[in-house]
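So you can see what is in the structure, the chains are spelled out below.
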Amino acid sequence: MSLENNSKTHQQQTVELSIALLERPSVTPDDDGCQDILLERLQQAGFDCEFMYYGDRQAKGEHAEVKNLWARRGTTDPVICFAGHTDVVPTGNENNWTYPPFTPTIADGYLWARGAADMKTGIAAFTIAAERFVANHPEHNGSIAFLITSDEEGPSINGTVKVMETLEARNEKITYCLVGEPSSTDTLGDIIKNGRRGSLGAELTVTGKQGHVAYPHLASNPIHATMAALAELTAATWDNGNEYFPATSLQISNINGGTGATNVIPETLKVIFNFRFSTETSEDELKAKTHAIFDKYFENSKASYDIHWKLSGQPFLTPEGKLVSACQQAIKSVTGTDTTLSTSGGTSDGRFIAPTGAQVVELGVRNATIHQVDEKVEIDDLGKLAQIYEGILENLLLD
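Just so it is clear, the model here is predicted, and its values are computed rather than measured. All chains use their own residue numbering, which begins from 1 and follows the written sequence. Reporting of local features is limited, given that this is a predicted model, to residues whose pLDDT is at least 70; pairs of side-chain atoms are given and counted only at 80 or more, and all residues count toward the totals for whole chains, interfaces and linings. In computing side-chain properties, one takes all heavy atoms of the structure into account and sets aside hydrogens as well as water.

**Regarding the sheet that holds strand β15 (residues 304-313)**
The strands making up a sheet associate through hydrogen bonds between their backbones, and the pairing can be parallel or antiparallel. DSSP calls a pair of strands paired once it identifies at least 2 bridges connecting them. Runs of E in the DSSP output that reach at least two residues are strands. Runs of H or I that reach at least four are helices, and both are numbered from the N terminus. The 4 strands are arranged β12-β14-β10-β15 in an open sheet whose pairing can be described as antiparallel. Strand pairing shows two members of the sheet lacking a second neighbour, β12 (249-257) and β15, which therefore form its edges. The sheet shows a mean angle of 15 degrees between the axes of neighbouring strands, taken without regard to direction. For strand β10 (residues 198-207) and β15, the ladder comprises 9 bridges, and the chain directions are antiparallel. Within β15, the position partnered with T207 by the bridge is S304. Only heavy atoms enter the contact rule, under which two residues are in contact if any of them lie within 4.5 Å. In this description, a line fitted to the C-alpha atoms serves as the axis of each element, helices being fitted only across the stretch in contact, and the angle between N-to-C directions of two axes falls anywhere from 0 to 180 degrees. On the sheet, helix α7 (residues 283-298) packs against β10, β14 (268-277) and β15 and is oriented at approximately 165 degrees with respect to β15.

Here's what the structure looks like:
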């Protein structure tokens, strides 16, 4: 890192790097060179860097090749890792944007671009924090690491989960992990995520017999056969949650059946639903209770059912301790905010890191515009976020 760069403020440096990343249309799973920018900077700061590629270079969709960056400075414990993703969601109709989504624009106190909140500015802020920390403390304790993927917004099968498998195979452990997802709600640092609910998806297929609506005795209507079971499923209480997690919830997101004709009883019905579950309930318990409900209603039915399950992640929790305290102290020092711990919201790649024994928290900018048209982030928050991240490194790696 040059003296010229080091003389700039946290905000100047973070904005400049954010713009360099935001200019690249890295729609999932395409990294579009973002990680090359990071690798060059991290190598200059003394990090050992490697790209990890998983997936099929010739394939498209969920099996496409994914580029991941693992970078580490130091060889001893503790290892504090910054985890994030360079891929972004599609823009939608670009004509609906105030400014072109991949032409980062500073206006009205905001930086506007796809990925501004989710989460390229978080990556930029941690990079600046690491550079400044290393410049000031070149002989620091422990290790600093980066785990950056381009497969978080997509199927998430060739990204962080595969990197973690590689690290586990070579017994390279992460002690503390800071995921730079946009966790804040009203003001920077007001919320940090110290856990996430599990996510269990299900695709239900009910098979009956097609026929004419005027002759129902010659057919078996899969829609009728399923209605009572779905009613009981959606009314069920799965658990009551605990002090860290709300009660497990189930939501039906899709119901599809019918041939398009008004006088035909369809042969099949498909229903997609999802559990967001707490640590009070296990994957196996949710499956068993669901099957018990459907078995009851289909035992004497002419229709049959099948459920395809997909576990996206187990619930995880980082209780109050060294990492949480380091984050709270850094936030308080920079913003004066007393942060609140939360496990609400969706999932993140933290679900792949926590099972290895790492303490994991999510801390980033405000999430008000993520995945929306006119995604943006407050300019004033970017320098503060870099200062917070640098403070966390000081709290964890300096005696």
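**What about the pairing of strand β3 (residues 79-85)?**
Each residue gets one of three labels from its accessible area relative to the maximum for its type: buried under 20%, exposed over 50%, partly exposed in between, using a 1.4 Å probe on protein chains only. Most of β3 is tucked away, with 7 of its 7 residues classed as buried. Taking every second residue as pointing to the same face, both faces of β3 are buried, with V79, C81, A83 and H85 on one and I80, F82 and G84 on the other. Pairing of β3 with strand β6 (residues 143-149) involves 7 bridges; the strand directions are parallel. Bridged to H85 within β6 is T149. In this sheet, strand β7 (residues 176-179) lies alongside β3 in parallel orientation, the contact comprising 4 bridges. Note that in β7 the partner of A83 across the bridge is V179.

**Some thoughts on the packing of helix α3 (residues 34-44) against helix α4 (residues 116-136)**
For the pair α3 and α4, the least separation of the axes is 11 Å and the interaxial angle reads 10 degrees. As far as their axial angle goes, α4 and α3 are roughly parallel. Mapping the contact onto sequence places C34, L38, R41 and L42 in α3 and K120, I123, T127, I128 and E131 in α4. Residues were grouped as follows: Ala, Val, Leu, Ile, Met, Phe, Trp, Tyr, Cys and Pro as nonpolar; Asp, Glu, Lys and Arg as charged; and all remaining residues, including Gly, as polar. Per-class residue counts for the contact of α3 with α4 are 5 nonpolar, 1 polar and 3 charged. Angular relationships are summarised with four words: roughly parallel below 35 degrees, roughly antiparallel beyond 145, roughly perpendicular across 65 to 115, and oblique for the angles in between.

**Re the domain arrangement of the protein**
For the domains described, the bounds stem from an automatic or database domain assignment. Here the protein is partitioned into domain 1 (10-196 + 316-397) and domain 2 (198-313). With centres defined by C-alpha atoms, the gap from domain 1 to domain 2 works out at 37 Å. The interface is formed by 9 residues belonging to domain 1 together with 8 residues belonging to domain 2. The salt bridge definition used is simple: a Lys or Arg side-chain nitrogen within 4 Å of an Asp or Glu carboxyl oxygen. Applying the counting rule to domain 1 against domain 2 returns 0 salt bridges. Residues adjacent in sequence count toward polar contacts only when both atoms are side-chain atoms; beyond that, a polar contact is any pair of N or O atoms within 3.5 Å, and within protein one must be able to donate a hydrogen and the other to accept it. Taken together, the links from domain 1 to domain 2 amount to 2 residue pairs in polar contact (both at pLDDT 80 or more). Those elements giving two or more residues to the side of domain 1 that touches domain 2 turn out to be β16 (316-317) and α9 (350-353).

**Observations regarding the side chain of T339**
When you line up the elements, T339 lands in the loop between α8 (322-335) and β17 (340-342). Side-chain polar atoms of T339 contact the backbone oxygen of G189, separated by 2.7 Å. Of the polar contacts made by the side chain of T339, one reaches the backbone oxygen of D190; its length is 3.4 Å. Leaving out residues up to four positions away in the same chain, T339 has contacts with G189, D190, I191, I192, Q328 and I331.

**A word on empty space enclosed by the protein**
Rolling a probe over the atoms, with the probe sized like a water molecule, indicates the empty space that remains. Using a 1 Å grid laid over the protein atoms alone, points where a 1.4 Å probe fits but cannot get out form a cavity; open sets with protein on both sides within 12 Å along at least 5 of 7 lines form a pocket; any residue with an atom within 4 Å of a point counts as lining. Grid points are joined across faces, edges and corners, and a volume is the space filled by probe spheres set on the points. Using the criterion set out here, one finds 1 cavity of 30 Å³ or more in the structure. Along the walls of the largest cavity sit A83, G84, H85, T149, E152, T160, V179, E181 and D349, which together make up its complete lining. Top element by residues in the lining of the largest cavity is β3. It accounts for 3 residues.

**Side note on the UniProt feature "binding site: Zn(2+) 1" (unreviewed entry) in the protein**
UniProt positions are given in the numbering used here, feature names are shortened, and annotations may be inferred rather than shown by experiment. Mapped onto the present numbering, the UniProt feature "binding site: Zn(2+) 1" (unreviewed entry) falls on H85, D118 and E181. In summary, the annotated positions, though distributed over 97 residues, converge in three dimensions, the widest C-alpha pair being only 8.8 Å. Checking the named residues against the largest cavity, the ones that line it are H85 and E181. Note that D118 resides in helix α4. Contact partners of D118, with chain neighbours within four places excluded, come to H85, V88, E153, E181, P182, I370, H371 and E375. Here the side chain of D118 touches H371 through a polar contact of 3.0 Å, side chain to side chain. Under the relative-accessibility criterion, E181 is labelled buried at 9%. When sequence neighbours within four positions are dropped, the list of residues in contact with E181 reads H85, D118, M119, E152, S348, E362, L363 and G364.

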